[in-house]
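Coordinates in review
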Amino acid sequence: MDLFDYMHSENRKKESPLAARIRPTSLEEFVGQEHIIGQDKLLYRAIASDQLRSIIFYGPPGTGKTTLAQIIANTTKANFVELNATTSGKKDIVKAIDDAKTSYGMNGKKTILFIDEIHRFNKAQQDALLPHVEDGTVILIGATTENPYFEVNGALISRSQIFELYPLNNEDIKKLIKEALTNNERGLGVYDAIINEDALEFLAEIANGDARAALNAVELAVMTTKRNEKGKIEITLEVAQECIQKRAIGYDKGGDQHYDTISAFIKSMRGSDPDATIYYLARMIYAGEDPKFIARRIIICAAEDVGNADPQALVIATNAMLALERIGMPEGRIILSQAASYVALAPKSNAAYIAIDKALQDVKNIQIEGVPDHLRDSHYKGAAKLGRGKGYKYPHDYPGAYVEQQYLPKELEGTVYYQKD
C-alpha cells in the first residue's frame, strides 16, 4: 500500500457511517451472539487460537456477520482476502485463488477468503470455489442474510460449519448506542450528545435486533439536532421517532423467514386464533409478500382445516382471491383480513382432507378389479348387452331419495374414508 492508498483508506474510515466506524475490532469488544461467540464456545476458541476452518455466517442484517469477519482479519496470521459477491465475479475468485496458491507455495502462509453476500454468487461462481475449499487452498468465510441451505451450493455447505446469528436483544442494542455516543475516537463522543432513557428504549425496540438501523438513527439524530440551553445535543423520544421512520422487520421472501411466517399464519388460522392470524397477515403485507400467495394459502386452509364444518369458509376465501385480483392493494389488505379472520373463527374439520389422502393411498396400493357392474355406464354402444348398469337402484325412486346399495369396489367393501365430525 502506497501513501496515496493509505490516505484514501484513512479518509474513508473518517467519512464512513457510524455503524462502520464503531465496528468492534476484537472479540472482547463484540456485543451479542453469546451462543456462538461466548468464551467457552467453539467459534471463540477457533478465532482466538487462529485455527479456523471454512465457515458460513448466516443471519439478519446488522447482527455482526461482517464484524466477525473483520475481527478474524485482525486476529489471524493468515492472509485475509475480502470479496463482495455483489461486485465481484469469477475473475476475482480466480485471482484470489492464484494469490493464495502463490502465498502458500512461497512461505507456507494460508489464506482466508471472506465473501460477503455469498448467496449472490451464482452456481458457476460457487462451483469455482469448491475444489480450492476442499483441498485447503483457501479457508472460506461466507456471510449471508439468506438461509444458506436455500442459496449456497450443497457441496460448499457440507464442507463448512454454519453459524447462525440472531437479532440482537434490546440490551445489546442499548449497549452499542451508549458506546457510540461516548467513543471519542470512532464514535460520536466529541459531539457531547446525550440520550433520554425513553429514546434509548424506543430505538432499541424499533431497531428489531438490527444494530445498523439503531446506529444510523443515532448518527442522524446527533447530526441534525440543535444543542439545548446547556450546550448539549439531547436525543429525546420525539427526535428518535423522527430519525427512524419505519420498523425494519426480518423477512426474506425466498427463504426460511418467508416459510416460518406463512407457517405461523396458517397454524394460527387452524388454531382458531384470529389475533395471531391478523398479526402474521400484517407482517407479510408489511414486508411486501405477494398478496395472491397469501390468498391462496387462505383458500387451502379453508378446505383443509375448515372443510364441511363450515362450507361457507371456502366460498369466502375463494371470493377473496377474486376480489383481491379486481381491487388490488392496499385496499386488498381488508379483503385478506376478512377472509383470514373468517377462516380462523370458523368451526374446524379436516375430514375431507384425511378422506382424500386415505383414498389416494388405497388407489396406489390396492389392486381393484374394477367399478362394480351396477354402477357402470349403460348408455354407450353395446354396454347394456354387456350387463353394464344392471341392478342399479335409482335413489330418487325411494323414500328420501336414499337406498342402500354397494358403491365401493368389492375389494374395499366396508372401508370408511370420510369420518363425520
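Below is a short write-up of the structure. (Residues numbered from 1 in each chain as written. Predicted model: local features only at pLDDT ≥ 70, side-chain atom pairs only at ≥ 80, totals over all residues. Heavy atoms only, no water.)

With that out of the way, let us pick up the pattern of salt bridges. What the rule picks out here adds up to 13 salt bridges. Close ionic contact of Arg21 with Glu219 constitutes a salt bridge, the shortest N to O distance being 3.4 Å. Taken together, the positions of Arg21 in helix α2 (residues 18-21) and Glu219 in helix α12 (residues 211-224) put the pair 198 residues apart, joining distant regions of the chain. When sorted by exposure, Arg21 lands in the same class as Glu219, which is buried. Ionic pairing is found between Glu369 and Lys410, a salt bridge with its closest N-O pair at 3.2 Å. A residue pair is termed long-range when its members are at least 10 positions apart, and Glu369 in the segment after α19 (351-365) and Lys410 in the segment after α19 qualify at 41 residues. Relative accessible area serves as the criterion here: at 56%, Lys410 is assigned to the exposed category. Beyond isolated ion pairs, a larger network of salt bridges with shared partners links Glu171, Lys174 and Glu201. (Salt bridge = Lys/Arg side-chain N within 4 Å of Asp/Glu carboxyl O. Helix = DSSP H or I, 4+ residues; strand = E, 2+ residues; numbered from the N terminus. Buried < 20%, exposed > 50% of the residue type's maximum accessible area, 1.4 Å probe, protein only.)

Attention now moves to the sheet that holds strand β2 (residues 79-84). With parallel pairing, the 5 strands of this open sheet are ordered in space as β2-β3-β4-β1-β5. Strand pairing shows two members of the sheet lacking a second neighbour, β2 and β5 (161-164), which therefore form its edges. Averaged over all pairs of adjacent strands, the angle between strand axes in this sheet comes to 15°, irrespective of strand direction. Taken together, the 6 bridges between β2 and strand β3 (residues 111-116) define a ladder with parallel strand orientation. Residue pairing for β3: Leu83 is matched across the bridge by Ile115. Sitting on the sheet, helix α5 (residues 65-75) touches β1 (55-58), β2, β3 and β4 (138-144), and the angle it makes with β1 is about 145°. (Pairing = 2+ DSSP bridges. Axes fitted to C-alpha atoms, helices over the stretch in contact; angles between N-to-C directions. Contact = heavy atoms within 4.5 Å.)

Take Gln241: it is sitting in helix α13 (residues 237-243). Distance in space between the C-alpha atoms of Gln241 and Ala351 is 50 Å, their sequence separation being 110 residues.

Right, let's get into the packing of helix α16 (residues 291-306) against helix α17 (residues 312-327). Where α16 contacts α17, the axes come no closer than 8 Å and their chain directions differ by 170°. Judged by the inter-axis angle, α16 sits roughly antiparallel to α17. Note on element contacts: α17 touches α16 through Ala313, Leu314, Ala317, Thr318, Met321 and Leu324, opposite Pro291, Lys292, Ala295, Arg296, Ile298, Ile299, Ala302, Ala303 and Val306. Broken down by class, the residue content of the contact of α16 with α17 amounts to 12 nonpolar, 1 polar and 2 charged. (Parallel < 35°, antiparallel > 145°, perpendicular 65-115°, else oblique. Nonpolar A, V, L, I, M, F, W, Y, C, P; charged D, E, K, R; others polar.)

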